[in-house]
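# Coordinate inspection notes
In case you want the letters, here they are:
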Amino acid sequence: MCPQCHLKMSFVAQIDSFEHNDENNPNRRDYGKQHFMFGDVGMIYVWFCFDCLVPFATMDCY
Ligand SMILES: [Zn+2]
């Protein structure tokens, strides 16, 4: 919900954590010095209200 008009916002993007570089993770990758880990392999969701021109982000962890 938009924090300004309280109507539903539009989903526009999601930003994923990099796979954890652990030997027990079969999907691990070495990204060098770039380690984006949002919580425990979390995901950031980006929302936008086209009426108010207000961006908003939420986060979910697994
Ligand atoms: Zn709004």
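Throughout what follows, the structure given in this document is the object of discussion. Values in this document were obtained by computation on a predicted structure and should not be read as measured data.

Turning our eyes to something else, we now look at the overall build of the protein chain. Across its full length, the protein chain carries zero helices and three strands. When the helices and strands of the protein chain are placed in sequence order, the string is β-β-β. A globule of 62 residues ought to have a C-alpha radius of gyration of about 11 Å, yet the protein chain, at 15 Å, is considerably larger. A principal-axis box enclosing the C-alpha atoms of the protein chain has dimensions of 45 × 20 × 15 Å. Evaluated residue by residue, the protein chain yields a buried proportion of 2% over its 62 residues. Long-range contacts, defined here as pairs at least 24 residues apart, represent 43% of the contacts in the protein chain between residues at least 6 apart.

Before going further, it helps to spend a moment on unusual backbone geometry. Glycine aside, the phi torsion of most residues is negative, and most peptide linkages are trans. Notably, H6 is not glycine yet its phi reads approximately 65°, a positive angle. For H6, the position within the fold is in the segment before β1 (10–16). Since 8 C-beta atoms lie within 10 Å of it, H6 is described here as exposed. The backbone of L53 shows a phi angle near 60°, a positive value even though the residue is not glycine. Relative to the helices and strands, L53 is located in the loop between β2 (43–49) and β3 (54–60).

Rules used in this analysis
Residues numbered from 1 in each chain as written. Predicted model: local features only at pLDDT ≥ 70, side-chain atom pairs only at ≥ 80, totals over all residues. Helix = DSSP H or I, 4+ residues; strand = E, 2+ residues; numbered from the N terminus. Rg over C-alpha atoms; globule rule 2.2 N^0.38 Å. Buried ≥ 20, exposed ≤ 12 C-beta atoms within 10 Å, placed from the backbone. Contact = placed C-beta atoms within 7 Å.

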